[in-house]
Amino acid sequence: MDAVEELEERLSRGEWLLPGEVALLLSVSRSTVIRVFLNPDPPKIRYRIRPGSGQYRECHPEDVRRELDARRRVHGDQ
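Since the model is a prediction, treat every value here as computed from it, not as a measurement. (Residues numbered from 1 in each chain as written. Predicted model: local features only at pLDDT ≥ 70, side-chain atom pairs only at ≥ 80, totals over all residues. Heavy atoms only, no water.)

Visitor: An account of the packing of helix α1 (residues 3-12) against helix α2 (residues 19-26) is requested, with residue identities and associated values reported.
Guide: One can describe the packing of α1 onto α2 by two numbers: an axis separation of 10 Å at closest approach and a directional angle of 115 degrees. With respect to α2, the element α1 is oriented roughly perpendicular. Judged by the twist between their axes, the crossing of α1 over α2 is left-handed. Of α2, the residues touching α1 (which contributes Ala-3, Val-4, Leu-7, Glu-8, Arg-10 and Leu-11) are Glu-21, Leu-24 and Leu-25. When its residues are assigned to classes, the contact of α1 with α2 shows six nonpolar, no polar and three charged. (Axes fitted to C-alpha atoms, helices over the stretch in contact; angles between N-to-C directions. Helix = DSSP H or I, 4+ residues; strand = E, 2+ residues; numbered from the N terminus. Parallel < 35°, antiparallel > 145°, perpendicular 65-115°, else oblique. Left-handed = near helix turned anticlockwise from the far one by under 90°. Contact = heavy atoms within 4.5 Å. Nonpolar A, V, L, I, M, F, W, Y, C, P; charged D, E, K, R; others polar.)

Visitor: So what about α2? Which residues, and what values?
Guide: Counting buried residues along α2, six of its eight residues qualify, which places the element largely inside the surrounding structure. Pro-19, Glu-21, Val-22, Ala-23, Leu-25 and Leu-26 are the residues of α2 that are buried. Among the structural elements, α1, α3 (30-38), β2 (57-59) and α4 (61-72) are those in contact with the buried residues of α2. Downstream of α2 by a residue or two, Ser-27 has a phi angle that is positive, lying close to 60 degrees. (Buried < 20%, exposed > 50% of the residue type's maximum accessible area, 1.4 Å probe, protein only.)

Visitor: An account of the packing of α2 against α3 is needed here, citing residue identities and associated values.
Guide: Look at α2 against α3: their axes get within 8 Å of each other, and the N-to-C directions meet at 95 degrees. The orientation of α2 relative to α3 falls into the category roughly perpendicular. Of the residues in α3, those in contact with Pro-19, Gly-20, Val-22, Ala-23 and Leu-26 of α2 are Arg-30, Val-33, Ile-34, Phe-37 and Leu-38. Of the residues that constitute the contact of α2 with α3, the class distribution is eight nonpolar, one polar and one charged.

Encoded structure:
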């Protein structure tokens, strides 16, 4: 199983993912995830701060799934 498949499996189980993992799924950089998806007001992907880890953010699985599905949607089909 490759890394993307493993992340999708974790996502389907409802696990919260780190921004770097979300970046791999969405085929963007980690900084893009933070800048575009986590920082706008309101954020496109909700997140929480991982307890006891300083400032590590974890991304909400439903929001990550929505963004992943949107990127995979075929546009222009009738």
